[in-house]
Amino acid sequence: MDMAKVNSMDFGEFVDVFGNVIERCPLIAAAVWSQRPFSDLEELEKHFFAFIDALPQSGQEGILRCHPDLAGREQQQGTLTAESQREQSSAGLTSLGAEDRQRLAELNAQYRARFGFPFVLAARLSDRAAVLRELARRLRCPPAHELRTALGEVKKIGHLRLADLLLSDPARL
Ligand SMILES: NC(=O)N[C@H]1NC(=O)NC1=O
């Protein structure tokens, strides 16, 4: 898909296509549409990230809370978004053994209890062992630092999702 196509989209089409660049936050795509035209992927992405950065802390935490747990209940129930399912699968999180699943569930629960939002990490850039290691490491970080780290991961996920959409075969759309 090229930028001319993106810039020609009406509001509904734009939100349909880009509504899950930030997991379960179509409001962000809705706001970004007002900033068109976009010159390239970098500029489009900049608007998504600027929206996140401009939110108060409660809004930034809200974005994190829209993310499903890694290898959590939604994955077991089959209710993940298509993007999240693919990302978690690529990190091997959809085929965990019972022991790893249990360990991840325990650490996820501890993380949520400490910070008040779920552990978020760009699964496509990781694997099963690294997820467990990172989760154990980040559990010990100070809350203000951890909020910044988690939002950085949201941006990595958004970057990969945008690249999938814009650098893909135009015949897909
Ligand atoms: N909890 C969490 O990190 N979830 C996200 N990570 C990712 O790569 N896709 C997601 O849905």
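Everything quoted here is computed from the prediction, not taken from an experiment.

Engineer: What should I look at first to understand the overall build of the protein in this one?
Structural biologist: Across its full length, the protein holds 10 helices and zero strands. When the helices and strands of the protein are listed from N to C terminus, the series reads α-α-α-α-α-α-α-α-α-α. A compact globule built from 173 residues would reach a C-alpha radius of gyration of about 16 Å, and the protein, at 17 Å, matches this within 12%. Based on the C-alpha atoms only, the size of the protein along its principal axes is roughly 50 × 35 × 25 Å. Per-residue burial over the protein gives 25% buried out of 173 residues. The contacts of the protein with a sequence gap of at least 6 include a subset with a gap of at least 24, amounting to 70%.

Engineer: Any chance you could explain the packing of helix H4 (residues 41-54) against helix H10 (residues 143-166) here in plain terms?
Structural biologist: Where H4 contacts H10, the axes come no closer than 11 Å and their chain directions differ by 150°. It follows from the interaxial angle that H4 and H10 lie roughly antiparallel. Once H4 is placed against H10, the crossing between them reads as right-handed. Contacts between H4 and H10 involve Leu 41, Leu 44, Glu 45, Phe 48, Phe 49 and Ile 52 from the first element and Leu 151, Val 154, Lys 155, Gly 158, His 159, Leu 162, Ala 163 and Leu 166 from the second. Grouping the amino acids of the contact of H4 with H10 by side-chain chemistry returns 10 nonpolar, two polar and two charged.

Engineer: Would you mind showing me how to read the site of the ligand here?
Structural biologist: Taken together, 15 residues lie near the ligand, and His 67, Ser 84, Glu 87, Val 120 and Ala 123 sit nearest. Classifying every residue of the shell around the ligand gives nine nonpolar, two polar and four charged.

Engineer: Honestly, the nonpolar core in this entry has me stumped. Any pointers?
Structural biologist: Generally speaking, nonpolar side chains in soluble globular proteins are found buried as a group. Membership of the largest hydrophobic core comes to 26 residues, with the highest contact counts inside it found for Ile 22, Ile 28, Leu 70, Leu 93 and Val 154. For this core, the secondary structure elements donating two or more residues are helix H3 (26-33), H4, helix H5 (57-65), helix H8 (98-115) and H10. Two domains share this core, each providing at least three of its residues, namely domain 1 (3-62 + 164-168) and domain 2 (69-159). If we ignore the near neighbours within four places in the chain, the residues touching Ile 22 are Ile 28, Phe 48, Ile 63, Val 154 and Gly 158.

Engineer: Whenever I open this one, the domain arrangement of the protein confuses me. Can you help?
Structural biologist: Interfaces are often described in size by the accessible area the parts lose on coming together. When the domains of the protein are assigned, the result is domain 1 (3-62 + 164-168) and domain 2 (69-159). Of note, the centres of domain 1 and domain 2, computed from C-alpha atoms alone, are 23 Å apart. With 11 residues of domain 1 at the interface, the matching set in domain 2 holds 12 residues. Where the side of domain 1 that touches domain 2 is concerned, the elements lending two or more residues are H4 and H5. Here the side of domain 1 that touches domain 2 is composed, by residue class, of five nonpolar, two polar and four charged.

Analysis parameters
- Residues numbered from 1 in each chain as written.
- Predicted model: local features only at pLDDT ≥ 70, side-chain atom pairs only at ≥ 80, totals over all residues.
- Helix = DSSP H or I, 4+ residues; strand = E, 2+ residues; numbered from the N terminus.
- Rg over C-alpha atoms; globule rule 2.2 N^0.38 Å.
- Buried ≥ 20, exposed ≤ 12 C-beta atoms within 10 Å, placed from the backbone.
- Contact = placed C-beta atoms within 7 Å.
- Axes fitted to C-alpha atoms, helices over the stretch in contact; angles between N-to-C directions.
- Parallel < 35°, antiparallel > 145°, perpendicular 65-115°, else oblique.
- Left-handed = near helix turned anticlockwise from the far one by under 90°.
- Nonpolar A, V, L, I, M, F, W, Y, C, P; charged D, E, K, R; others polar.
- Near = placed C-beta within 6 Å.
- Core = buried A, V, L, I, M, F, W, Y, C linked by C-beta atoms within 7 Å.
- Domains from an automatic or database assignment.

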